[in-house]
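Observations on the three-dimensional arrangement
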Amino acid sequence: MKLTRLTKLRKERMWTLQETADQLGIAKSTYAGYESGYRQPSLDSLIKLADIMDTSIDYLLNRIEDSQSPMNNKTIHLEHFDQNEKWEIRLDDKSLTKEELNDFIAFVRSKRLLRKE
């Protein structure tokens, strides 16, 4: 498995191989091996790589195209919310049902309309 995106991400940050290896606490040759595909990082190293590159492991492994870490996404669009999503919305330590979520959305929309009038 060659982590083809590592070089791109490192160069975007204008880091040398040595600077990147230092941040990971590994030898420069080990990190260079990750970029070339000669070596494969351990799970711990993969987590550290994603953290220092501010991206997700899925992006590093070419499973998704968006380099933005999902942890950076602070917006949830409720109009597109689907119960099959990986997100769970809770209130008073209980999950909202789809019906409750729809009621919540309707309430907020009604309140906004009242403010406009």
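So, here is what we can say about the structure in this document. Residue positions are counted from 1 within each chain, in the order its sequence is given. Given that the model is predicted, a residue must reach a pLDDT of at least 70 before its local features are reported, and side-chain atom pairs must reach 80 or more before they are shown or counted; all residues, however, enter totals for whole chains, interfaces and linings. Calculated side-chain values reflect all of the structure's heavy atoms, with hydrogen atoms and water omitted.

What follows deals with the overall build of the protein chain. Helix and strand labels come from DSSP, where a helix needs a run of H or I of at least four residues and a strand needs a run of E of at least two; each type is numbered from the N terminus. Scanning the protein chain from terminus to terminus reveals 6 helices and 2 strands. Burial classification: accessible surface area is computed with a 1.4 Å probe over protein chains only, and a residue below 20% of its type maximum counts as buried, one above 50% as exposed, and the rest as partly exposed. Looking at the protein chain residue by residue over its 117 residues, the buried ones come to 24%. Every residue pair with non-hydrogen atoms within 4.5 Å of one another is taken to be in contact. A separation of at least 24 residues holds for 42% of the contacts in the protein chain among residues at least 6 apart in sequence. With an accessible surface of roughly 8900 Å², the protein chain has 51% of that area assigned to carbon and sulfur atoms. Here the accessible surface of atoms and residues is derived via Shrake-Rupley with a 1.4 Å probe, and residues count as covered only by protein chains that are part of the display.

Stacked, edge-to-face and tilted are the three classes for Phe, Tyr and Trp ring pairs, Trp counted by its six-membered ring, which pair at centre distances within 6.5 Å; planes under 30 degrees apart are stacked, over 60 edge-to-face, the rest tilted. With the rule as written, the count across this model stands at 1 aromatic pair. A ring pair is formed by tyrosine 31 and tyrosine 34, whose centres lie 6.2 Å apart and whose planes are at 75 degrees; its orientation type is edge-to-face. Here tyrosine 31 pairs with tyrosine 34, and both are found in helix H3 (residues 28-36), just 3 residues apart, close to one helical turn. Residue tyrosine 31 shares its accessibility class with tyrosine 34, and that shared class is buried. A cation sits over an aromatic face here: arginine 5 above tyrosine 59, 4.0 Å from the ring centre. Over the aromatic face of tryptophan 15 sits the side chain of arginine 13, whose NZ or CZ is 5.9 Å from the ring centroid. Our definition puts a charge over a ring when NZ of Lys or CZ of Arg is within 6 Å of the ring centre and also within 35 degrees of the ring normal.

It is worth spelling out the pattern of salt bridges at this point. Salt bridge, as used here: a side-chain nitrogen of Lys or Arg that lies within 4 Å of a carboxyl oxygen of Asp or Glu. Considering all chains together, one arrives at 5 salt bridges under this definition. Note that glutamate 35 and arginine 10 form a salt bridge whose closest N and O atoms lie 2.6 Å from each other. Separated by 25 residues along the polypeptide, glutamate 35 in helix H3 and arginine 10 in helix H1 (residues 5-12) bring together distant segments of the chain. The burial state of glutamate 35 is the same as that of arginine 10; both residues are buried. The residue arginine 13 makes a salt bridge to glutamate 12 at a minimum N-O spacing of 3.7 Å. Judged by relative accessible area, arginine 13 falls into the partly exposed class, the value being 25%. Note on glutamate 12: relative accessible area 47%, which makes it partly exposed. Salt bridges linked by common partners bring Lys8, Glu12 and Arg13 together as one network.

Right, let's talk about helix H4 (residues 43-52) for a bit. Listed as buried for H4 are Ser45, Leu46, Leu49 and Ala50. What you see down the axis of H4 is that its buried residues fit within an arc of 140 degrees, all on one side. Turned more than 90 degrees away from the buried face of H4, the exposed residues are Asp44 and Asp51. Where H4 is buried, its residues meet H1, helix H2 (17-24), H3 and helix H5 (57-60). Looking one or two residues beyond H4, the residue adopting positive phi is aspartate 54, at roughly 55 degrees. The arc refers to the directions leading from the helix axis to the C-beta atoms.

Just distances and angles here, no functional claims.
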